[in-house]
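Below are the chains, spelled out letter by letter.
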Amino acid sequence: MKTIKFLSTLAITGFLLTSCSDDDDAPEPVNEEETITTMTVTLVPQGGGTTVTLVSRDLDGDGPDAPDIDVSGSLAENTVYDGGIVLLNETETPAENVNEEIEGEAAEHQFFFVVGGALNASTEYGDDESDYVSEETGENFTTTNPVGIVFTLTTTDASSGTLAVTLRHEPKKPNDGTLADAGGETDITQTFSLTIE
């Protein structure tokens, strides 16, 4: 009887020791969200004309101060603009260019453009994932889902309204081009008031 108790105790102890053994696997690295303080959208008219810049700067992040918004001027009627977006983290010195991280994780990011009010304008993506090099593999992505660091904005008649620019992290891809379908988390969003003259 003592032998059975001893063997039972030994078996239970062995089971507990193996189930509590050290796990040599390192935990998955945490991919921290990008800190983005500043968004600059540059609109360069094809064929010449005045470049328009849209800037949102929010140095206190979620703090009490609203972002500083600056729109350098009006857009021209019936014009195609080549658009480009630069995102910075200006809490660091020198400022960190967040675009590098977005490009290296292009499959996990997408900008969305929403024209609002009566603004007579439309947007179209000018880049896709295959334009960028994966930070994991060191090679170009093979997928062609849009990213939106580069885009075109086309104006028609004189009008006023808004352009909202939103960067989503880990949206569903492919998606129908809307925030509702894409899901994911918003890294930064800003709405600019624009006038077409």
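As a convention, each chain's residues are numbered from 1 in the sequence order in which they are written. It should be noted that, the model being predicted, local features are given only for residues of pLDDT at least 70 and side-chain atom pairs only at 80 or more, the latter also being counted only at that level, while totals for whole chains, interfaces and linings use all residues. For the side-chain quantities, the full set of heavy atoms in the structure was used; hydrogens and water were omitted.

## Concerning the environment of Lys 172
Selection criterion: Note on conventions: DSSP H or I runs of at least 4 residues are helices, E runs of at least 2 residues are strands, and numbering of each starts at the N terminus. Residue contacts follow a heavy-atom distance rule, with two residues in contact if any of their heavy atoms lie within 4.5 Å. A 3.5 Å cut-off defines polar contacts: any pair of N or O atoms within that distance qualifies, except that in protein one atom must be a possible hydrogen donor and the other a possible acceptor, and neighbouring residues in sequence count only when both atoms are side-chain atoms.
Here Lys 172 is to be found in the loop between β9 (159-169) and α3 (179-182). Separated by 62 residues in sequence, Lys 172 and Gln 110 have C-alpha atoms that sit 9.5 Å apart. Lys 172 has contacts with Asp 181 and Ala 182, leaving out every residue within four places of it along the chain. Here Asp 181 takes part through its side chain, which lies 2.7 Å from a polar atom of the side chain of Lys 172.

## As for the side chain of Glu 129
For the record, the criterion: Relative accessibility under 20% of the residue-type maximum defines a buried residue, over 50% an exposed one, and the middle range a partly exposed one, all with a 1.4 Å probe and only protein chains included.
Structurally, Glu 129 is set in the loop between β7 (121-125) and β8 (150-155). A residue is classified by how much of its surface remains accessible, and Glu 129, at 2% relative accessible area, is buried. In this structure the side chain of Glu 129 is engaged in a polar contact, spanning 2.8 Å, whose partner is the side chain of Lys 173.

## Details of the sheet that holds strand β6 (residues 109-117)
Spelled out, the test is: Any two strands are treated as partners once DSSP identifies two or more bridges connecting them. Throughout, an axis means a line fitted to C-alpha atoms (over the contacting stretch in the case of helices), and angles, computed between N-to-C directions, take values from 0 to 180 degrees.
Taken in spatial order, the 3 strands of this open sheet run β6-β9-β10, and their pairing is antiparallel. Strands with a single pairing partner mark the edges of an open sheet, and in this sheet they are β6 and β10 (185-196). Shown here is a sheet whose adjacent strand axes are inclined to one another by a mean of 20°, direction ignored. Taken together, the 9 bridges between β6 and β9 define a ladder with antiparallel strand orientation. Counted as the bridge partner of Gly 117 is Gly 161 from β9.

## Looking at the pattern of salt bridges
Rules: One side-chain nitrogen of Lys or Arg within 4 Å of one carboxyl oxygen of Asp or Glu is enough to make a salt bridge.
One pass over the full model with this rule turns up 3 salt bridges. Taking the shortest distance from any N to any O, the salt bridge between Glu 129 and Lys 173 comes out at 2.8 Å. Taken together, the residues Glu 129 in the loop between β7 and β8 and Lys 173 in the loop between β9 and α3 connect sequence positions 44 residues apart. Between Asp 181 and Lys 172 there is a salt bridge, with the nearest N and O atoms lying 2.7 Å from each other. On the basis of relative accessible area, Lys 172 is assigned to the partly exposed category, the value being 42%.

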